[in-house]
Structure formats: C-alpha cells, structure tokens
Amino acid sequence: MNNEMKVATYHFWQLNRFALVGGMATLVHLSVSRLLFFYRGDLPELMVNSVAFFIAFFVSFLGHRHFTFKTQGSIIKFLSVSLLGFLINNSLLFYIVQTQYLKGWNAILLSTLSVPILTYILSKLWVFR
C-alpha cells in the first residue's frame, strides 16, 4: 500500500472513531436530557440542555483523548471548541423553541445533532494535533 493510501486509511478510521465517540457523547447528552424531562418535565429546555452538555463533555473529551486521536490534547482547547459548539447548539435550540417549531426533547435532539462536523474539524486541526 502506498503512502497516500495509508494516510487516507488512517484519516478514514480516525473519522469513524470520532463519530463513534461523538455518538456515545451525544447519546449521553440526549439520555440525560430525556431523564431530566421524564423526572422534571417543567424544566426549561436551555437548562436541561446545559446540564446534559456538561455531563457529555467529559465522555467526549476522554473518548477523543484515548480512542479517537490517541494523544493528550488540551482540555482547555477542547472546552473552547465544545463551548463554541454548545453556543451554536443553544442558539439553534433557542430559535426552535421561540418559533414553537418543536419543544422539549425533540427541540434538543434537533439542535444537538447540528454541530458534530464543526467540532471534528476544530478538534483535529487544533485540540489534538
């Protein structure tokens, strides 16, 4: 296998590992949201989303550090990238809730699934290089 093929294969599997870890973190995020709405359905969406985000943050960072990129990385840089994604996520969530397009868990589901590509690019090029 030539060098270009090795590099392409490496990046292909790294992207797949990123998707797997991101999927696990997203599952944690959405599960925590679902549980909070189940037990306390009267909580505001932005509060529920914030709690779920911070729990999923640690799943994501540790997974990317030890499995996706297999390098130390910077938790501060990763927090910056995650907070940018969270800002985008919450801005979209706020818009969805305010326009009454969706409410509750469905609104969080849509807003949460909107950010992963941006976080992959920033994580690969800046956080875990």
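The structure reproduced in this document is the subject of the present report. Per-chain numbering applies: the sequence of each chain, read as written, is numbered from 1 onward. pLDDT decides what is reported in this predicted model: residues at 70 or higher carry local features, side-chain atom pairs at 80 or more are listed and counted, and totals for whole chains, interfaces and linings draw on all residues regardless. Water and hydrogen atoms play no part in the side-chain values, which are based on all heavy atoms of the structure.

### Considering the packing of aromatic side chains
Piece 1. Any two of the Phe, Tyr and Trp rings considered here, Trp counted by its six-membered ring, make a pair once their centres fall within 6.5 Å; the pair's planes then place it as stacked at under 30 degrees, edge-to-face at over 60, or tilted in between. Across all of its chains, the model carries 15 aromatic pairs by this definition.
Piece 2. Between the aromatic rings of Phe12 and Trp13, the centroid separation amounts to 4.9 Å while the plane-to-plane angle is 80°, which identifies the pairing as edge-to-face.
Piece 3. Counting every residue linked through ring pairs, the aromatic cluster contains Phe18, Phe53, Phe54, Phe57, Phe58, Phe61, Phe69, Phe78, Phe86, Tyr120 and Phe128.
Piece 4. One cation-aromatic arrangement involves Arg34 over Trp105; the distance from NZ or CZ to the ring centre is 5.0 Å. Definition used: whenever NZ (Lys) or CZ (Arg) falls within 6 Å of the ring centre and also within 35 degrees of the ring normal, the charge is taken to sit over that ring.

### A few points about a nonpolar patch on the surface
Piece 1. Where nonpolar side chains cluster on the molecular surface, the patch consists of Phe58, Leu62, Ile75 and Ile76 and spans about 390 Å² of accessible area.
Piece 2. A run of H or I in DSSP becomes a helix once it reaches four residues, and a run of E becomes a strand once it reaches two; helices and strands are each numbered from the N terminus. Tracing the backbone shows Phe58 in helix H2 (residues 45–68). Note on patches: the residues involved have over 30% relative accessible area and no salt bridge, like charges join within 9 Å, and the nonpolar side chains Val, Leu, Ile, Met, Phe, Trp and Tyr join within 5 Å. Only the protein chains shown count as cover for residues, and all accessible areas are computed by the Shrake-Rupley method using a 1.4 Å probe. Only one rule defines a salt bridge in this text: a Lys or Arg side-chain nitrogen within 4 Å of an Asp or Glu carboxyl oxygen.

### Regarding the packing of helix H3 (residues 75–98) against helix H4 (residues 104–112)
Piece 1. Only C-alpha atoms enter the line fits that serve as axes; for helices the fit covers just the stretch in contact. Angles between N-to-C directions range over 0 to 180 degrees. Where H3 meets H4, the closest approach of the two axes is 9 Å, and the angle between their N-to-C directions is 140°. Taken together, the axes of H3 and H4 lie oblique to each other. Handedness of the crossing formed by H3 with H4: right-handed. Contacts between H3 and H4 pair Asn89, Leu92, Leu93, Ile96 and Val97 from the former with Ala107, Ile108, Leu110, Ser111 and Thr112 from the latter.
Piece 2. Classes in brief: Ala, Val, Leu, Ile, Met, Phe, Trp, Tyr, Cys and Pro nonpolar; Asp, Glu, Lys and Arg charged; the others, Gly included, polar. Classifying every residue of the contact of H3 with H4 gives seven nonpolar, three polar and no charged. Note on angle classes: values under 35 degrees are labelled roughly parallel, values over 145 roughly antiparallel, values of 65 to 115 roughly perpendicular, and the remainder oblique. Throughout, a crossing is termed right-handed when the near helix is turned clockwise from the far one, and left-handed when it is turned anticlockwise from it by less than a right angle. Here, two residues are considered to be in contact whenever any of their heavy atoms come within 4.5 Å of each other.

### A look at the packing of helix H1 (residues 3–39) against helix H5 (residues 116–127)
Piece 1. At a minimum axis separation of 11 Å, H1 and H5 run at an interaxial angle of 125°. The pairing of H1 with H5 is recorded here as oblique in orientation. Regarding H1 and H5, the two cross each other, and that crossing is right-handed. In this structure, H1 contributes His11, Gln14, Leu15 and Phe18 to the contact, and H5 contributes Pro116, Thr119, Tyr120, Ser123 and Lys124.

### Some details on the environment of Ser60
Piece 1. Assignment of secondary structure puts Ser60 in helix H2.
Piece 2. The rule is simple: take the accessible area with a 1.4 Å probe, protein chains only, and divide by the maximum for that residue type; under 20% is buried, over 50% is exposed, in between is partly exposed. The buried category is assigned to Ser60, whose relative accessible area is 12%.
Piece 3. With 35 residues separating them in the primary sequence, Ser60 and Ala25 have C-alpha atoms 5.3 Å apart.
Piece 4. Ignoring anything within four residues of it in the chain, the contact list for Ser60 reads Val21, Ala25 and Phe78.

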